[in-house]
Amino acid sequence: MGKNLPGYFGEFGGRYSPEILTEALEELESTYQKLKKSKKFKKELEYYLRNYVGRPSPLTYAERLTKHWGGARIWLKREDLNHTGAHKINNAIGQALIARFMGKKRIIAETGAGQHGLATATVGAMFGMETVVYMGAVDVQRQNLNAKKIEMLGAKILPVTAGEATLKEATSEAMRDWALNVSTTHYIVGSAIGPHPFPTIVRDLQAVIGKEAKSQFKKENKKLPSAIVACVGGGSNAIGMFHAFLKDKQVAIYGAEAGGLGPKPGEHSATLTYGKTGFLHGTKTLIIQDEFGQIVPAHSVSAGLDYPGVGPEHAFLSQTGRVDYRMVTDEQALDCFLEVSRIEGIIPALETAHAFHVARDVARDLGKKKDLIICLSGRGDKDVTEVLRLLGERSK
Amino acid sequence: MSKIKSLFDSAKFKSAFIPYFTLGDPNYNDSIEFGKTILDNGADILELGIPFSDPVADGPVIQRAVARSLKNSFSFDEIFRVTKAIHDHKPETPLVYLTYFNPIYHCGITKFLDRAKESGIVGLVIPDLPFDTAESETLFRELKVRDMDLIHLVTPASEKKRIQALAKTSSGFIYYVTSFGVTGERREFSLDLKERIRFLKETIQLPICAGFGISTPDQANQISQYADGIIIGSAIQRIIEENGSDRSKVVSALADYISKIRTSIS
Ligand SMILES: Cc1ncc(COP(=O)(O)O)c(C=O)c1O
C-alpha cells in the first residue's frame, strides 16, 4: 500500500492500525472489491435498502423554512425517515452483508449518539448475528433511549468508562475487541473513519444519499442545486451527500462541524478548523491534539459529533478547498433544533441541527431563486430528553 | 553495528529478558528509580513507554498506566530527561522506546530521533505504524543513519508474504505478538507458538522475542526454550499500579519480580 494507491485521499487516509488487524483489513478490502462488481451483492443491497430501510428517502421542499429564512429555496434530503431514524442504517446493512459474505457470525460497533449502535443492533437482529455495541458511559446516559433500544434488539451494550467515556474511547475499545476476535467478527465501523478500506466502504455505502438527492432534484427542477450542506462528525452522512456533487463545480458544498462551547481546546469538536495532521484509530487525518501529539478530548452538545478526528476524505476536501467547513456552536445548534421543529414540523437530530445553522447563513447569502439541499441526517427523538435538560439549564 | 545486534551476537543469555514500563507512572522521578531497579536486577534490554492518550494496542493495565502518567503534565523534555537518567545508570543496557506514532510525528521525526539518541535510546517499537507505509520507510532510513533499530511486530495472523516483506525494513529483533488481542496477562498460549516462532526464525534472520501476555516465571521459562527473548509489560505495570503510592515498596517488589524472571530464563 504505497502513498498514491487507493486508501489515500491526497496525503490523508492509509492504514495505521495494529499489525494483528492487517490480515482482516486485507480480506475486507479484497472481498469488497469483488462484491462491488457483483450483481448479486448489488441486488441484495438494493433489496434491503428499498424494503427494509425505506429508500429512496424523499426530497422535501421546506416551504415554511424557506419563507422564514428569506433566502434560497430549502430542500431536505430525508434520511430521518429511514428505518431506525438516520443515515447510519445504509452503512450498517451494507457492511452486515459484507460480513455475512465473509462468513463472520459476530458483528461489533462503536457508537456515540447511539444511532450507529441502533442501526447495527437492528441489522444484527434481522440477519441473526451476535451483536456487541461499545458506547461511552457518558453517552449511555445522554442517549439513553437509544441505549435501551439497542438492548431491546438483543444486542449487548458494553459501556466504556476510560478517558472521557465518549465516542473516541468506544472506538478504541471496539478496535481492541476486533483484535481479539478478528477471525469470527466483523467490525462495522460507523463513520467514514478508520484504517483503509473503511473510509472508502462507508463512503460508497452512504453515496446513495447524494445520488438520490441529485436525481430527485434534477427531475423536479431540471438543474442542479446551488449548494448542499451536511453535518460532519466522522463524516459519513456528509461524504455520502457530497460524493455525487464533488465534480459539479457549480454546486457549492458546506460541512457543519461542532464548535461546541468555544474555541478553547476541549470545548469543541471542530477538527477541520482546529485539527492538525496526525494518526488516530488507524488513519492519517486532521485531529484535535495538543503540542505533544496527545489527543485532546472533544466536546459537542451532540454525541454524534463528539469526536476529535474526522474522516480522511474530509481532511482532503478541506485542504483542497472543495468543501467549506464551518463551525456551529452548541447554542446555535440548539436554537436551530427548536426553530426547525416549530417552523417545519420536523424535529431534527442535534447533529443535523448544526447543518441547519450553516444552511441558514448560506441560504441568505445565496438569496432567492437559488436552491439549497440539506442532508437531514437523522431525527431528533433520541435528543428530546437531553434538549429539555439543556433548556432547563438555559432558563436558570 | 547496532547495540541490540551486538548484544544478541554476544549472547550472554539463553533468552533475553526485555521488561517494559510506562514513563511517568505515577510520576517522572519515580520512573527513574523503577528503571534503575529493573536494570540492576537483570534486564537485557529495557522498553520505556512514552504515554499516548489513545493506546489501541494495549489492554486495561497499560491503559490505566498511561492515563495515570498523563495526569502529570506531559512533555518530551521530561521523557528525555528521565530516559537519560536511566541510561546513565547502566549505559551498556540497550534502551528502546515503545510508543504510538502520533507523538513522534508531531515532535518531528528527525528532531525526535536526535533527542532520543542523545538520551540513550537505540531502537523503537511502534504498534500502530505498519511497515508498509511511507512513514515507516522514512523512519527506518532515519534510524539507520543513526545506528538505531526499528523493531516491527509480527502476529499469529501475519502471512508469510508479509513477514518476508517486513524483513527488509526490520532490525534489532522481531517483536512476536504471542496471541490475538491486546497486551495483558494471560494464562495460556496458543499451542502452535513454538512452531510459529521456529517458522519466523527460518524466515527472518533476526532474533525473535515473544511478548503480549507473559507474566509468570514458569511461562517465561517455557517460552525461553525457543524464543530469543521474553518481553513482559503488563505484569510489571501491575506491580507499579498496586504499590505506586509507595516508591520503596514498588522498588523492592520490582527487584524481586525481575530477578525471578531473569533466573527462570537463564
Ligand atoms: C443523526 C446523525 N447525524 C450525524 C451523525 C454524525 O456522523 P457522521 O458524521 O458519520 O454522519 C450522527 C452520528 O451518530 C447522527 O446520529
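Residues numbered from 1 in each chain as written. Chains lettered and ligands numbered in written order. Predicted model: local features only at pLDDT ≥ 70, side-chain atom pairs only at ≥ 80, totals over all residues. Heavy atoms only, no water.

UniProt tags residues 54-378 of chain A as "domain: Tryptophan synthase beta chain-like PALP" (unreviewed entry). The straight-line gap between the two end C-alpha atoms of residues 54-378 of chain A is 14 Å; of that span, 43% is helix and 21% is strand. (UniProt positions renumbered as here; feature names shortened; annotations may be inferred. Helix = DSSP H or I, 4+ residues; strand = E, 2+ residues; numbered from the N terminus.)

All names here are of chain A. As a matter of local geometry, the ligand sits amid 18 residues, with Ser191, Gly233, Gly235, Ser236 and Ser377 nearest to it. Within the side chain of His87, a nitrogen or oxygen atom sits 2.9 Å from an oxygen atom of the ligand. Between the ligand and Ser236, the relevant distance is 2.6 Å, taken from an oxygen atom to a side-chain nitrogen or oxygen of the residue. Split into classes, the residues belonging to the shell around the ligand amount to five nonpolar, eleven polar and two charged. The residue makeup of the shell around the ligand includes at least three contributed by each of domain 1 (24-42 + 88-198) and domain 2 (52-85 + 207-395). (Near = heavy atom within 4 Å. Polar contact = N/O pair within 3.5 Å; in protein donor to acceptor, adjacent residues only side chain to side chain. Nonpolar A, V, L, I, M, F, W, Y, C, P; charged D, E, K, R; others polar. Domains from an automatic or database assignment.)

Residues and elements named next belong to chain A. The full count for this structure, using the stated rule, is 24 aromatic pairs over all chains. A centroid spacing of 6.3 Å and a plane angle of 70° characterise the contact between Trp69 and Phe356, whose relative ring orientation is edge-to-face. A residue pair is termed long-range when its members are at least 10 positions apart, and Trp69 in helix α3 (residues 63-69) and Phe356 in helix α15 (residues 350-366) qualify at 287 residues. Between Tyr187 and Phe198, the ring centres sit 6.1 Å apart and the planes meet at 55°, which makes this aromatic pair tilted. (Phe/Tyr/Trp six-rings, centres within 6.5 Å; stacked < 30°, edge-to-face > 60°.)

Here we take up the environment of A:Val138. Residue and element names in this part refer to chain A. Looking at the secondary structure, you find Val138 in helix α6 (residues 137-142). Taking relative accessible area as the criterion, Val138 reaches 37% and is therefore assigned partly exposed. As a C-alpha pair, Val138 and Thr161 span 23 residues in sequence and 7.9 Å in three-dimensional space. If we skip the residues at most four places from it in the chain, Val138 touches Glu164, Ala165 and Thr166. (Buried < 20%, exposed > 50% of the residue type's maximum accessible area, 1.4 Å probe, protein only. Contact = heavy atoms within 4.5 Å.)

This brings us to the pairing of strand β9 (residues 227-231) of chain A. Residue and element names in this part refer to chain A. Of all five residues in β9, five are buried; the element is thus mostly enclosed. Of the two faces of β9, the one carrying Ala227, Val229 and Cys231 and the one carrying Ile228 and Ala230 are both buried. Pairing of β9 with strand β10 (residues 252-260), which is carried by five bridges, proceeds in the parallel orientation. Each residue of the ladder has a partner; that of Ala227, found in β10, is Ala252. Handedness of the crossover joining β9 and β10 through helix α11 (residues 236-242): right-handed. (Pairing = 2+ DSSP bridges. Right-handed = clockwise from strand over helix to strand, strands pointing away.)

With that settled, the discussion passes to the UniProt feature "modified residue: N6-(pyridoxal phosphate)lysine" (unreviewed entry) in chain A. All names here are of chain A. Those residues carrying the UniProt feature "modified residue: N6-(pyridoxal phosphate)lysine" (unreviewed entry) are Lys88 in this numbering. Tracing the backbone shows Lys88 in helix α4 (residues 88-101). Each residue touching Lys88, except ones within four places of it in the same chain, is listed here: Gln115, His116, Ala119, Gly190, Ser191, Gln206 and Ser236.

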